Every structure is written in C-alpha cells, then in structure tokens.
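Observations on the three-dimensional arrangement
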Amino acid sequence: QVQLVESGGGLGQPGGSLRLSCAASGTFFRLNAMGWHRQAPGEQRELVALITSGGSTKYSDSVKGRFTISRDNAKNTVYLQMNSLKPEDTAVYYCNVEVDTGSYYSYNSWGQGTQVTVSS
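A short tour of the structure in this document, coming up. In this text the structure is predicted, and so the values were computed from the model without any measurement. In this convention, every chain numbers its residues from 1, walking through the sequence in written order. For a predicted model such as this one, the threshold for reporting local features is a pLDDT of at least 70, and the threshold for listing and counting side-chain atom pairs is 80 or more; totals across whole chains, interfaces and linings nevertheless cover every residue. Side-chain numbers come from the whole structure's heavy atoms, not from hydrogens or water.

Observations regarding the sheet that holds strand β1 (residues 2–7)
Read across the open sheet, the four strands follow the order β1-β3-β8-β7; overall the sheet is antiparallel. Of all strands in the sheet, those bounded by a partner on one side alone are β1 and β7 (67–72). On average, each strand axis in the sheet is tilted by 15° relative to the strand beside it, whichever way the strands run. Following DSSP output, two strands are said to pair if at least two bridges run between them. Each helix is a run of H or I in the DSSP string that is no shorter than four residues. Each strand is a run of E no shorter than two, and both are numbered from the N terminus. Alignment of β1 against strand β3 (residues 18–26), held across six bridges, turns out to be antiparallel. When the bridges of β3 are listed, Val5 appears paired with Ala23. Each axis is a line fitted through C-alpha atoms, taken for helices only over the stretch in contact, and angles between the N-to-C directions span 0 to 180 degrees.

Quick look at the packing of aromatic side chains
A ring pair, where both rings are aromatic, is described by two values, the distance of the centres and the angle of the planes. Pairing of aromatic rings covers Phe, Tyr and Trp, the last counted by its six-membered ring, and requires centre-to-centre distances within 6.5 Å; plane angles under 30 degrees mean stacked, over 60 mean edge-to-face, and any other angle means tilted. Per the counting criterion, the structure on display carries zero aromatic pairs. The rule for a charge over a ring is simple: NZ of Lys or CZ of Arg within 6 Å of the ring centre, and within 35 degrees of the ring normal. The ring of Tyr79 carries the charged tip of Arg19 above its face, separated from the ring centre by 4.5 Å. Seen from the ring of Tyr94, Arg45 lies directly overhead, with NZ or CZ sitting 3.7 Å from the centre.

Re the pattern of salt bridges
Salt bridges, as used here, are contacts in which a Lys or Arg side-chain nitrogen is within 4 Å of a carboxyl oxygen on Asp or Glu. In the structure shown here, the tally under the stated rule is three salt bridges. Between Asp89 and Arg66 there is a salt bridge, and its shortest N-O distance comes to 2.8 Å. You can see Asp89 sitting in the loop between β8 (77–82) and β9 (91–100) and its partner Arg66 sitting in the loop between β6 (57–59) and β7, a full 23 residues away along the chain. Salt bridges linked by common partners bring Arg38, Arg66 and Asp89 together as one network.

Some remarks on the state of the cysteines
Should the sulfur atoms of two cysteines be covalently bonded, the bond is a disulfide. Cysteine sulfur atoms are paired as a disulfide whenever they come within 2.5 Å of each other. One pass over the structure, following the stated rule, counts one disulfide. The side chain of Cys22 participates in a disulfide bridge whose partner is Cys95; the two sulfur atoms lie 2.1 Å from each other. With the S-S dihedral at roughly -85°, the linkage between Cys22 and Cys95 falls on the left-handed side. Here the residue Cys22 occupies a position in strand β3, and Cys95 occupies one in strand β9, the gap between them amounting to 73 residues.

Observations concerning the side chain of Arg38
Checked against the element boundaries, Arg38 lands in strand β4 (residues 30–39). Beyond its immediate chain neighbours, meaning those up to four positions away, Arg38 contacts Gln44, Arg45, Glu46, Val48, Ser62, Val63, Phe67, Glu88, Asp89, Ala91, Val92 and Tyr93. Contacts: residue pairs with any heavy atoms within 4.5 Å of one another.

Written out as structure tokens, the structure reads:
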C-alpha cells in the first residue's frame, strides 16, 4: 500500500505562484505515471497535468504555459509549479500515482486533496 501526502496548497494571489508537492511512501516497487487532477465546486474532477516515468508530460488546455509538472524519483515525489495564477484555478487538487507493485499488476492511488484558493 502506498500513502500520498500532499502539501503546498493554500491561498494564492492572481498572477502569483504556488508549488504543490505529493510525496509517496509505503511498500511498492516503483511509481509509473504521476499526475494532478482538480475539482472545483459543482464541477467534475479533471486532469491538470501528468508526467510519465519517461518524463513525457501533458497538460489541460487551461493550464498550458502556466503550470509545470515535474518529479523527483529519488524522493518519490511529484510537483506542480503553478504560475500566473487565476481565480479559476481555485479548486481541490488531487495527486494521482500509478503504483507498480512488482507483482505483475499496478493500481492507482489518490491523495487526500489540497485546497488551492486564488483570490486578491
């Protein structure tokens, strides 16, 4: 089982920056794809950014050019650098990790969610 601990959320100002972190711990062989989703009130949970084990990335259109996803494999951690924040970025952000158990199967694990509020 893997545990995901998110940090870095909180209040940001329009045009400002926040950096989210998600650290994985527990028993697993390796982490494959890692990503971030977000869910605003009354909205469906949507993919924000994803990074594969090979370093390929993809972003939602709404955050392209503003957000950057990265990972530190030595720390089993994925980051989301959020620049040029907009009020519409306000949402609960969830870390998502594909866990390779080393036993010929994998599963997805989700963080508890961290609130990001962008307001002046």
